[in-house]
Amino acid sequence: MRTSARIFSTNKKDEIEARGRFNFTKTDFLLRNLKSLKNKMKFTNIRNRCLALLVVLGFASPVQANYFRTVVIDAGHGGHDLGGQWGRVYEKHLCLDTATRLEAYLKGHGFNTVMTRDSDYFVSLPERVAIANNCRDAIFVAVHYNFTPKESVGGLETYYCTPQSVDLARYAHDGIIRHLREENRGVKFARFYVIRNTTCPSILVECGFVSNGGERDSMKSAWYRQSIAEGIGEGVLRFRHN
């Protein structure tokens, strides 16, 4: 059945007015809905753009970039490789003790840790690198003590090789300098094998000179090695959260 405004009218004038009212209402309804749809589309476009921006900012966030769960701790030397030596003070022993203290500190702050060696045995440089590269979501920290024929030389220094490792080196170095009043030899670039060939952020920390009498006496004390471990650990935490 065809429905029109005629059934509501009693004369021609009424019929025309009714038809006009009906046509206006229908057109108005369509215009209002088109306007509403347009506004919704604008809102959707704006919302989608905002979401896209948030996603981009999220991926660009340094927290995301520096996210890691595991710290590979590399105690230098070991076994027949004594490292620097002065009398009965061996670098390999100092490295292992400091690395073990660093491991305890990091575990206490919720990190997973992997030690390239956990006692006095030899591990080759390629093996150390392989251990680090097999770990996902990780950073690499090599612990060493320095040595030079010039007994007057002393101080603390930290090395990096890749751009992704610069901040880690700086934060770790700042940490050990805050804990110890030794000479600050700075953060430096170097192409040492273990930090050159690892794929994750990697640093090598030189924790003082075995060849320097004053530093040697200090590093034989547990408080010194604990201070080094805590300073590096604080740098790792700062790297994680910045």
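Residues numbered from 1 in each chain as written. Predicted model: local features only at pLDDT ≥ 70, side-chain atom pairs only at ≥ 80, totals over all residues. Heavy atoms only, no water.

Caption draft 1: Quick look at the packing of aromatic side chains. In the structure shown here, the tally under the stated rule is 5 aromatic pairs. For the pair Tyr-160 and Phe-189, a centre-to-centre distance of 6.0 Å together with 70° between the ring planes defines the contact as edge-to-face. Taken together, the positions of Tyr-160 in strand 6 (residues 156-160) and Phe-189 in strand 7 (residues 184-189) put the pair 29 residues apart, joining distant regions of the chain. Every member of this aromatic cluster is reached through a ring pair, and the members are Phe-68, Phe-111 and Phe-239. Against the face of Phe-68 rests Arg-240, its NZ or CZ located 5.7 Å from the ring centre. (Phe/Tyr/Trp six-rings, centres within 6.5 Å; stacked < 30°, edge-to-face > 60°. Helix = DSSP H or I, 4+ residues; strand = E, 2+ residues; numbered from the N terminus. Lys NZ or Arg CZ within 6 Å of the ring centre and 35° of its normal.)

Caption draft 2: Expanded view of the side chain of Arg-128. On the secondary structure map, Arg-128 appears in helix 4 (residues 125-133). Every residue in contact with Arg-128, bar those within four places of it in the chain, is listed here: Asp-74, Ala-75, Gly-76, His-77, Thr-116, Arg-117, Val-123, Phe-140 and Val-194. (Contact = heavy atoms within 4.5 Å.)

Caption draft 3: Spotlight on unusual backbone geometry. Here His-77, not a glycine, exhibits a phi torsion of approximately 65°, which is positive. Mapping His-77 onto the fold places it in the loop between strand 1 (70-75) and strand 2 (85-86). Residue classification places His-77 among the buried positions, given a relative accessible area of 17%. (Buried < 20%, exposed > 50% of the residue type's maximum accessible area, 1.4 Å probe, protein only.)

Caption draft 4: Focus on the packing of helix 5 (residues 166-179) against helix 8 (residues 222-241). The N-to-C vectors of helix 5 and helix 8 enclose an angle of 140°; their axes lie 7 Å apart at closest approach. One way to sum up the angle between helix 5 and helix 8 is to call them oblique. Along this stretch, helix 5 crosses helix 8, giving a crossing that reads as right-handed. Here Asp-167, Leu-168, Tyr-171, Ala-172, Asp-174, Gly-175, Ile-176, Arg-178 and His-179 of helix 5 come into contact with helix 8, specifically with Ser-227, Ile-228, Glu-230, Gly-231, Ile-232, Glu-234, Gly-235, Val-236, Arg-238 and Phe-239. (Axes fitted to C-alpha atoms, helices over the stretch in contact; angles between N-to-C directions. Parallel < 35°, antiparallel > 145°, perpendicular 65-115°, else oblique. Left-handed = near helix turned anticlockwise from the far one by under 90°.)

Caption draft 5: View of helix 3 (residues 91-108). An ideal rise of 1.5 Å per residue puts 26 Å on 18 residues; helix 3 measures up with 26 Å between its terminal C-alpha atoms. The inward-facing, buried residues of helix 3 contact strand 1, strand 3 (89-90), strand 4 (112-115), strand 5 (138-146), helix 7 (213-219) and helix 8. One or two positions beyond helix 3, positive phi appears at Gly-110, with a value near 90°. (Expected span 1.5 Å × (residues − 1).)

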